[in-house]
Amino acid sequence: MNLLVHGPAMIASHMPETHPLKPGRADDAQYLITDPRNGWAELVTVVAPPTATDMDIARVHDLSYIAMVDRLSFPGAMGRVPSGEVKRFGFSSHGDNPPYPEMGSIARNVSGGVIHALQQVSTGNAKFAFVPSGGVNHHAMPATASGFGIFNDAGVEIGRAH
């Protein structure tokens with residue numbers, strides 16, 4: 001089996017269209033792979049991601065950072081959290097990491113998708129696995145969002161695998 005781990009719970013639909021990580025790019029990848037006209041659709045099984053637990057995330061990220069991600073994951077949160085605090089954790093409405101609604105749950109789902117993909121390949125349940133929303137988060141630091149990354153999904157899986 002070849003696995004495509006993707007679903008609406010992994011899409012940052014609130015991300016501005018002008019942001020380099022446009023919300024539709026992962027959906028576009030799924031569409032291209034599963035379009036019956038290209039001959040790949042019958043070779044791929046699409047599954048929704050499980051959600052990474054806080055314990056999974058805390059293997060890589062500081063608890064204070066995880067709490068800030070959750071605080072900023074609601075509409076209007078930027079106005080309720082002191083700007084110095086927001087900036088200290090790597091977020092900015094004008095930078096690579098603008099906070100957006102549901103940011104914490106989306107980032108947990110992307111990390112959960114990467115965990116699931118590696119588990120399926122390492123146990124032999126899948127020959128290949130692809131997570132179109134994953135991988136771009138590898139710049140996230142233990143206590144700071146960075147380079148588009150909220151939770152370092154690759155680091156979370158490596159931490160879990162050890």
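The structure under discussion appears in the preceding block.
The rules behind each value
Residues numbered from 1 in each chain as written. Predicted model: local features only at pLDDT ≥ 70, side-chain atom pairs only at ≥ 80, totals over all residues. Heavy atoms only, no water. Helix = DSSP H or I, 4+ residues; strand = E, 2+ residues; numbered from the N terminus. Polar contact = N/O pair within 3.5 Å; in protein donor to acceptor, adjacent residues only side chain to side chain. Contact = heavy atoms within 4.5 Å. Buried < 20%, exposed > 50% of the residue type's maximum accessible area, 1.4 Å probe, protein only. Arc of directions from axis to C-beta. Axes fitted to C-alpha atoms, helices over the stretch in contact; angles between N-to-C directions. Parallel < 35°, antiparallel > 145°, perpendicular 65-115°, else oblique. Left-handed = near helix turned anticlockwise from the far one by under 90°. Pairing = 2+ DSSP bridges.

> Even after reading the chapter, I still don't get the side chain of Asn 109, so can you show me in this structure?
Relative to the assigned elements, Asn 109 resides in helix H6 (residues 103-122). Here Thr 51 takes part through its side chain, which lies 2.6 Å from a polar atom of the side chain of Asn 109. Once residues within four sequence positions are removed from consideration, Asn 109 is found in contact with Ala 9, Met 10, Pro 49, Pro 50 and Thr 51.

> For this particular structure, what's the right way to read the side chain of His 6?
For His 6, the location among the structural elements is in the loop between strand S1 (2-5) and helix H1 (25-34). Here Asp 27 takes part through its side chain, which lies 2.8 Å from a polar atom of the side chain of His 6. Sequence-distant contacts of His 6, that is, excluding residues within four places in its chain, are made with Ile 11, Ala 26, Asp 27, Gln 30, Val 46, Val 47, Ala 48, Pro 49, Pro 132 and Ser 133.

> Could you clarify how one ought to interpret H1 in this entry?
Within H1 the residues assigned to the buried category are Ala 26, Ala 29 and Ile 33. For H1, the angular spread of the buried residues around the axis is 55°, confining them to a single face. Summarising the contacts, the buried residues of H1 are in contact with S1, strand S2 (44-47) and strand S3 (128-130).

> Sorry, what's going on with the packing of H6 against helix H7 (residues 153-161) here?
Describing two packed helices takes the angle between their axes plus the distance from one axis to the other. In contact at an axis separation of 8 Å, H6 and H7 are set at 50° when each is read in the N-to-C sense. In terms of axis orientation, H6 runs oblique to H7. In terms of crossing hand, the pair formed by H6 and H7 is right-handed. From H6, Val 110, Ser 111, Val 114, Ile 115, Leu 118 and Gln 119 reach across to H7, where they touch Asp 153, Val 156, Glu 157 and Arg 160.

> Is there a simple way to think about the sheet that holds S3 in this case?
The strands making up a sheet associate through backbone hydrogen bonding, with each pair oriented either parallel or antiparallel. Taken together, the 3 strands give an open sheet; going across it, the order is S2-S1-S3, and neighbouring strands pair in parallel fashion. A strand with exactly one partner marks an edge of an open sheet, and here the two such strands are S2 and S3. Neighbouring strand axes in the sheet, compared pairwise and without regard to direction, differ in orientation by 25° on average. As paired elements, S1 and S3 share 3 bridges and run parallel to each other. When the bridges of S3 are listed, Leu 3 appears paired with Ala 129.

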